[in-house]
Amino acid sequence: MDSRFSFTLNGVVVDVAGVSTHTSLLTWLRQNGHTGSKEGCAEGDCGACTVAIVERNERGETTYRAINSCIALLPMLAGREIVTVEGLAANGALHPVQEAMVACNGSQCGYCTPGFVVSMFEGYYRKDLHGPAEVGDQLNGNLCRCTGYRPIRDAMERALRVKKSESGDDLFDLRLRKPAAALAAVEYAAPQTTTGAEQRFSRPTTLAALLAEKAANPAAELVCGATEIGVYINKRFSEYPALISTEAVAELTRIEKTQAAFVVGGAASLTAFEEAIGDELPMVKKMLWAFASRQIRNRASLAGNIVTASPIGDTPPLLLALDATVQIASIRGARTVPIGEFFVGYRKTVLTPDEVVVSVTVPRHNPAPSGRRLADSYKVSKRRELDISTVGAGLYVELDDRGRVSAARLAYGGMAATPARASHLEAALLGKPWTLAQVEAALPALAHDFQPIDDLRGSAWYRGLVAANLVRGFVRETELV
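Trainee: For the pairing of strand 9 (residues 242-245), give the residues involved together with the corresponding values.
Mentor: Of the two faces of strand 9, both are covered, the one formed by Ala-242 and Ile-244 as well as the one formed by Leu-243 and Ser-245. With 3 bridges connecting them, strand 7 (residues 199-203) and strand 9 associate as parallel partners. Along strand 9, the bridge assignment pairs Phe-201 with Leu-243. Across 3 bridges, the pairing between strand 8 (residues 221-223) and strand 9 is parallel.

Trainee: How would you sum up the nonpolar core? Please name residues and give values.
Mentor: In terms of nonpolar packing, the biggest core is built from 44 residues, with Phe-273, Val-284, Ile-339, Phe-342 and Val-362 touching the most fellow members. Breaking this core down by element, the ones donating at least two residues are strand 11 (261-265), helix 10 (270-277), helix 11 (282-291), helix 13 (302-307), helix 14 (315-321), strand 12 (325-330), helix 15 (339-342) and strand 16 (356-363). The next biggest cluster of nonpolar side chains, apart from the first, holds 31 residues, and it includes Leu-395, Trp-434, Ala-468 and Leu-470.

Trainee: Provide a residue-level description of empty space enclosed by the protein, including the pertinent values.
Mentor: Rolling a probe over the atoms, with the probe sized like a water molecule, indicates the empty space that remains. This structure, assessed with the given rule, holds 2 cavities of 30 Å³ or more. The volume enclosed by the largest cavity comes to roughly 40 Å³. Every residue lining the largest cavity is listed: Ile-67, Asn-68, Ile-71, Ala-72, Gly-225, Thr-227, Gln-295, Ile-296 and Arg-299. For the lining of the largest cavity, the secondary structure elements donating two or more residues are strand 4 (62-68) and helix 12 (294-297). For the lining of the largest cavity, the residue count by class is 4 nonpolar, 4 polar and 1 charged.

Trainee: Which residues make up the pairing of strand 6 (residues 186-190), and what values go with them?
Mentor: Strand residues, when the strand is regular, have side chains that alternate between the two faces of the sheet. For strand 6, the tally of buried residues reaches 4 of 5 residues, placing the bulk of the element in the interior. Taken together, the 5 bridges between strand 6 and strand 7 define a ladder with antiparallel strand orientation. The residue bridging Val-186 from the neighbouring strand is Arg-203, located in strand 7.

Cut-offs and rules
- Residues numbered from 1 in each chain as written.
- Predicted model: local features only at pLDDT ≥ 70, side-chain atom pairs only at ≥ 80, totals over all residues.
- Heavy atoms only, no water.
- Buried < 20%, exposed > 50% of the residue type's maximum accessible area, 1.4 Å probe, protein only.
- Helix = DSSP H or I, 4+ residues; strand = E, 2+ residues; numbered from the N terminus.
- Pairing = 2+ DSSP bridges.
- Core = buried A, V, L, I, M, F, W, Y, C linked by side-chain atoms within 4.5 Å.
- 1 Å grid on protein atoms, 1.4 Å probe; cavity = no way out; pocket = protein on both sides within 12 Å on 5 of 7 lines; lining within 4 Å.
- Points joined across faces, edges and corners; volume = space filled by probe spheres on them.
- Nonpolar A, V, L, I, M, F, W, Y, C, P; charged D, E, K, R; others polar.

Written as structure tokens, this is what we have:
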């Protein structure tokens, strides 16, 4: 294994040698004089550390992605191009988003400003950033402790208007017209730690190589976006002697759109998934916007969210309601598991130590030939964005031509040790008219489905009430008038 690697920082290739595989990009930047990026939370919540990387979007186009450098492990940046706030001004001229921040008085104490500016930088070059809702989503991963959000939003909107009126090119726009380099294989070994153990990081480029490495070292931890492992390293001081990155495996980064389904590769980001579905599956897009910030979604994967098997994970209720399947592989072979059989206990899945999630197949729900298909998602948390769910739900109902329930998949997170469907309630609804009165009559069955979690985020009583109220709200929004 090599003891060094390189990446491009603000247009200059830099070499890295002898650093721990647990070192964050933010730590390295600040230790090497790039102090514009700040540490506020060290867990990807506040956005003060935001930087941008050059990436390919779901259509294969070169784009910029804002990420949290505080939880980005440095070896994962090998071979990548990174832009920090120090690199935005060119030839002594501020970047248009910086000029907009000045013009709109968007900087107050200044601590959050570099992170906001880089998030705005990503938004400036996006082709799908149009209205206030998209602007809000672009910026919701950055916290301003001075509560000065209005001038910052004004600055983002001003910058977008300026871009539409300009006819010239800029260096960053010219970079987007060139392809993003494919990630190369990495075999990196860090010096011995204080415990005497060597740290190893590998990034294979084929599925066969990944499966072989996992078979040879089943205890090695797979890492895709590090949005969870990065937090564990910073907050729990967790140690991972061997890390295997999945993000350079082309088979795992693809999203295939078939007539029947979206096949989402195990290393495809949630942002790529959002881009792939477009206006389809609005229940998914709704949940993704509440799932986490843009910076997190630019790195986190759908497969990663289910592999953690958290009972309050945001995407499992959606996948249960949509009747998704999970494709799994090892050197011993491949298998497909219905999402309802994937979770086997608290933080436990059917995966064996040598297996990898290759893809998640999410059925497309094309217009029904008759009757109606109803679907929605809900996330109940103390904050609207960037918060952990108390209760999450994915609700799907099919109605026949008479308005009676012909199929129902009502799934919840935060109600049990695993995400699960409310099978008793589903059965109680079958064949009944989709009306509030009929749903009220069926709701007592929900008590037979769950013995809700009781913890600091919500009591068992509260969770039970919320779960019922979500169904009530769903029927009010969709029942026939």
